[in-house]
Protein chains: 4
Amino acid sequence: MKNTAILLISCPDQKGLVATIAEFLFRHDANILHADQHQDSELGLFLMRVEWDLQGFNLSTNDFETLFAPIVEKFSMHWSLALSSYRPKVAIFVSRYDHCLADLLYRHQAGELNCEIPLIISNHSDTKWLADAYGIPFQHIPVHKDAKQEAEDMQVALLHHHHIDLIVLARYMQVLSPDFIRHYPSRIINIHHSFLPAFNGAKPYHRAFERGVKLIGATSHYVTEILDDGPIIEQDVTRISHRDAIENLIQRGSDLEKVVLSRAVRWHIENRILLYANKTVVFD
Amino acid sequence: MKNTAILLISCPDQKGLVATIAEFLFRHDANILHADQHQDSELGLFLMRVEWDLQGFNLSTNDFETLFAPIVEKFSMHWSLALSSYRPKVAIFVSRYDHCLADLLYRHQAGELNCEIPLIISNHSDTKWLADAYGIPFQHIPVHKDAKQEAEDMQVALLHHHHIDLIVLARYMQVLSPDFIRHYPSRIINIHHSFLPAFNGAKPYHRAFERGVKLIGATSHYVTEILDDGPIIEQDVTRISHRDAIENLIQRGSDLEKVVLSRAVRWHIENRILLYANKTVVFD
Amino acid sequence: MKNTAILLISCPDQKGLVATIAEFLFRHDANILHADQHQDSELGLFLMRVEWDLQGFNLSTNDFETLFAPIVEKFSMHWSLALSSYRPKVAIFVSRYDHCLADLLYRHQAGELNCEIPLIISNHSDTKWLADAYGIPFQHIPVHKDAKQEAEDMQVALLHHHHIDLIVLARYMQVLSPDFIRHYPSRIINIHHSFLPAFNGAKPYHRAFERGVKLIGATSHYVTEILDDGPIIEQDVTRISHRDAIENLIQRGSDLEKVVLSRAVRWHIENRILLYANKTVVFD
Amino acid sequence: MKNTAILLISCPDQKGLVATIAEFLFRHDANILHADQHQDSELGLFLMRVEWDLQGFNLSTNDFETLFAPIVEKFSMHWSLALSSYRPKVAIFVSRYDHCLADLLYRHQAGELNCEIPLIISNHSDTKWLADAYGIPFQHIPVHKDAKQEAEDMQVALLHHHHIDLIVLARYMQVLSPDFIRHYPSRIINIHHSFLPAFNGAKPYHRAFERGVKLIGATSHYVTEILDDGPIIEQDVTRISHRDAIENLIQRGSDLEKVVLSRAVRWHIENRILLYANKTVVFD
């Protein structure tokens, strides 16, 4: 795998943006591997992702910041620079349903997810065997109704200790407090087992069954303080029929959840996602 | 095309149902072409569709009713018998968007829809050219805010005059009154341009765009007195991305709407749909 | 889970078939849970699957055979009777790619596959850790070019020893000999990583990439003596674009393979598949 | 609709390409609306599509060519410049199946296809009524086995007379001669009613039925001298089951064909397609 840098940019759309950025990278001998941009014409917004090979690039990360600063200022850019050599640290939260956890652990082990997973946190101990099978530290932190704050304090302490970059809620059945969420803005990914905004909240498969929909879905999204309302990263659906009882919806939906969550995690880790207006742009 | 009879049955589930019905048909020399059944174990409900070749069948429709009556009574059946030789009479309601109308007229002309279309009603005259091209009578009935009742009276008079069996709302942008709907229970099919129950009501593509969903959908359903809440017949979705502006959603969605509406109309015409608990069973 | 019996039937289509079977089951107090049938009008073939609750059923399996025999003879039926209480014994063959194996083991452990897995056979030892994690016996049987027969002899001995009912080739990269296949007619399921009949044989992802297809697929099928030509059980596809390099095809395809193979295995185990004319009927 | 220019480029990949092109456009005050690029790392190829608003752009088309020439030479570019104000002239070839023709004519009339259609050519007269309904000139040119050359000569004369840019084979059931094809390299789009490369050649639905596939497909592609082997532009599939007879496959497939062909035509017209290595890049 190549050692690359990924630059993510968002700023007001103006003439000369691409020329300026491309010229800057060319001047420093960047060999561009991928570049993609998006313009939201209604909001007058410019978004860009550009990835280049670090071999031959003649700037250190520190120098990059210094030399790129005038461009940043001129175009009022929000920007971030990531290196593919840095493997982000991901914590997985899980309750009893273990299909998403098993899927993420397998993908991580198989090299599909370029991250470290130093921590699994669960309010139950049911999934410890999976953590053990894949050699990932497992923390059982029960969440009692009247001691939720204490549980979250313990969680946050562990997350800080492990320098966690991203939290993945792999069917974690507890609602996180606004305080907790504010610690990790746009860095908590949840999987919801419906095609949002349909059936947000509790028991979506049961409600899908009752409503008689012909397709069921799953949605991965960033967690914000409003339940099931954060920016959607990925969605998918599968066809069902009257022959499918609720247990079938749950079983078929679990296959969707796995794929939809794992894609979101991978895209986040690969720095493919830009956020604006409570939406995501996913550069593929 | 074969001359067939289609029997639709729903009743409380009991032992002996299939044996009784199959034996009855066998005794009268029915050559069964298709048979499908469904049991809802929670509600204890039995639903069946059976289609047989009328060639060789030794009962007239009238005799059928008489001789089948004891079975109906014994099992407390709801039932209906349809003949494939009868082409139901369909009225299409349309406003300005004409893609669903054009699609239905083409399919009808091509022999995909085994029905008659004696009537198109529109609150605008824009689509008259299409009706003319396919040789279907077109009635322009403007709907003024303060004279909606009068418009509906005219519509109902026309529908009665033409002995209409099914009304198809092919992007008809007026809300029908409860009175109107009660005239045609489970006999009005609407196309809604979202994946219901998400984005029910007005401007679903705009709201889908704002919410940042990754798939858009369309839903065909029977019209009930509660807006966009009737039994769902068919749904489908298509993938979109941040590159799709609202106009693209509308254009891509229109392809979904055409297919999703035409399937619902065909299934209704072919007597494939059974209703219960505000849901549909579609026997394919 | 209910204790049920599943009857699979295929025979020449004749009047009175359904009536006769339904009457027989009714007479013996069967509470039918699911029944589905299919008629191939061109071949004049009748296929049926019927499942009933054994609670209340007044025949033993032995008596069933005796009493059902006259019906079998009259209609020239092929038939089989399976009990849901019997968990078929499945052997998984695997080489180095482990995604399908990991997926099947997880599903088995999670209760999605109602079978026993007493045996994993591999020509490599790479996947032993997975077998160990799930507590399944693992046999490493290397296959040398000049000693293939010996390897197959060892495999067959193990399969017989474990009374294996079904063999699943979970990306097993060796071609089985006709002799081997004849031991397990219609009881070996393979996953091929293309949308068959396109790209049968070796390196389908590379050939799909070269041909520039816009969708890639996976196919699960029964193994026959002609490579990649057996009856297809399930297929699925996913959209790709010019942005996807071969490694992406392989990664995205692996998600298809898992789902497409696991569905085939589940349907086989649940006695949902009937075979005719080198095709499958899958009763859902 | 904005008045825009679209520049398509392909050349060997080199550093500085994007910077040079972006700087050139910026220098001449281009307001870039969309830009997308692709690199084939194996072939070392760079492909780009960039679209800008002509309002404010300070170069005429002629001046563009002159001033862009040094860049073209430096990077050994293949390039083309198209103006959205030019509506390409499209001829549709059709035989008896009229669903694709009806679909294209409707889309054209509805403004989905930004082209002119001055000519429909058919070897039958069945579809004349459709051409008349949409007011498009229709030429009936029968193709007799022993006078194919004469028919093609007449076709080519008509195509030249109308200055046709693109030929769309909308289920035209005649094989075009290599001579004919050479007149319109990469400018003839065909719809094939299978998921290529599966079932190329005749009667694909029948062969799909016989093989027992679980999905059927359609493929739009550029026509080359080898039958069904040209660069694929778009493909899609739909699920079928054992319940679908061949007529159903044909009917369900026709819905695929319409969508898959119309997308290809639109993308070609909107200058979104680049060709290399017998493949297409479709910039969306």
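Just so it is clear, the model here is predicted, and its values are computed rather than measured.

Visitor: Can you walk me through the overall build of chain A in this structure?
Guide: Of regular secondary structure, chain A possesses eight helices and 13 strands. Rg of the C-alpha trace for chain A: 21 Å, near the compact-globule value of 19 Å for 284 residues, within the 12% margin. When the backbone C-alpha atoms are referred to their principal axes, chain A occupies close to 60 × 40 × 35 Å. A buried classification covers 61% of the 284 residues belonging to chain A.

Visitor: Explain the interface of chain B and chain A to me, please; I cannot follow it from the model alone.
Guide: How big an interface is tends to be reported as the loss of accessible area on association of its parts. Each partner contributes residues to the interface: chain B has 37 residues there, and chain A has 37 residues. Of the roughly 3,000 Å² buried between chain B and chain A on both sides combined, carbon and sulfur atoms contribute 51%. Summed over the shared surface of chain B and chain A, the number is eight salt bridges. A salt bridge links R239 of chain B to D236 of chain A; the shortest N-O distance between them is 3.6 Å. Summed over the shared surface of chain B and chain A, the number is 22 residue pairs in polar contact (both at pLDDT 80 or more). Listed by contribution, the elements that provide at least two residues to the side of chain B that touches chain A are strand 2 (31-40), helix 7 (204-211), strand 11 (232-239), helix 8 (246-269) and strand 13 (279-282) of chain B. Broken down by element, the residue count for the side of chain B that touches chain A peaks at seven residues, all from strand 11 of chain B. Tallied by class, the residues present in the side of chain B that touches chain A amount to 16 nonpolar, seven polar and 14 charged.

Visitor: Sorry, what's going on with helix 3 (residues 99-109) of chain A here?
Guide: For an α-helix, the turn length of 3.6 residues means that residues three or four places apart are oriented alike. Residues and elements named next belong to chain A. Here helix 3 lies mainly inside the structure; 10 of its 11 residues are buried. Buried within helix 3 we find H99, C100, L101, A102, D103, L104, L105, Y106, R107 and H108. One or two positions beyond helix 3, positive phi appears at G111, with a value near 90 degrees.

Visitor: For this particular structure, what's the right way to read the domain arrangement of chain A?
Guide: Residue and element names in this part refer to chain A. Taken as a whole, chain A is organised into domain 1 (4-83) and domain 2 (89-282). A C-alpha centroid distance of 31 Å is found between domain 1 and domain 2. In this complex, domain 1 contributes 11 residues to the contact, which on the side of domain 2 involves eight residues. For the pair domain 1 and domain 2, the summed buried surface comes to about 790 Å²; carbon and sulfur atoms form 66% of the total.

Visitor: Explain the pairing of strand 10 (residues 215-222) of chain D to me, please; I cannot follow it from the model alone.
Guide: Two faces make up the sheet, and in a regular strand the side chains alternate between them. All names here are of chain D. Of all eight residues in strand 10, eight are buried, a share of seventy percent or more. The alternating pattern of strand 10 places L215, G217, T219 and H221 on one face and I216, A218, S220 and Y222 on the opposite face, and all of these are buried. With four bridges joining them, strand 9 (residues 188-192) and strand 10 adopt antiparallel strand pairing. From the neighbouring strand, I191 faces strand 10, where its bridge partner is S220. Alignment of strand 10 against strand 11 (residues 232-239), held across seven bridges, turns out to be antiparallel. By the bridge assignment, G217 is partnered in strand 11 with V237.

Visitor: Whenever I open this one, the packing of aromatic side chains confuses me. Can you help?
Guide: What characterises a pair of aromatic rings is the spacing of the ring centres plus the angle enclosed by the ring planes. Inspection of every chain in the model, using the stated rule, returns 46 aromatic pairs over all chains. A centroid spacing of 5.7 Å and a plane angle of 70 degrees characterise the contact between F68 of chain C and W79 of chain C, whose relative ring orientation is edge-to-face. Within this pair, whereas F68 of chain C is found in helix 2 (residues 61-75), its partner W79 of chain C is found in strand 4 (residues 78-83), the two being separated by 11 residues in sequence. In this structure F68 of chain C comes out as buried when scored by relative accessible area, which is 1%. By relative accessible area, which is 28% here, W79 of chain C ends up partly exposed. By way of ring pairs, the aromatic residues F24, W52, F57, F64, F68 and W79 of chain A are connected into one cluster. Above the face of the F209 of chain D ring, K279 of chain C is positioned so that its terminal group lies 3.6 Å from the ring centre.

Scoring rules and cut-offs
Residues numbered from 1 in each chain as written. Chains lettered and ligands numbered in written order. Predicted model: local features only at pLDDT ≥ 70, side-chain atom pairs only at ≥ 80, totals over all residues. Heavy atoms only, no water. Helix = DSSP H or I, 4+ residues; strand = E, 2+ residues; numbered from the N terminus. Rg over C-alpha atoms; globule rule 2.2 N^0.38 Å. Buried < 20%, exposed > 50% of the residue type's maximum accessible area, 1.4 Å probe, protein only. Contact = heavy atoms within 4.5 Å. Buried area = accessible area lost by both parts, 1.4 Å probe. Salt bridge = Lys/Arg side-chain N within 4 Å of Asp/Glu carboxyl O. Polar contact = N/O pair within 3.5 Å; in protein donor to acceptor, adjacent residues only side chain to side chain. Nonpolar A, V, L, I, M, F, W, Y, C, P; charged D, E, K, R; others polar. Domains from an automatic or database assignment. Pairing = 2+ DSSP bridges. Phe/Tyr/Trp six-rings, centres within 6.5 Å; stacked < 30°, edge-to-face > 60°. Lys NZ or Arg CZ within 6 Å of the ring centre and 35° of its normal.

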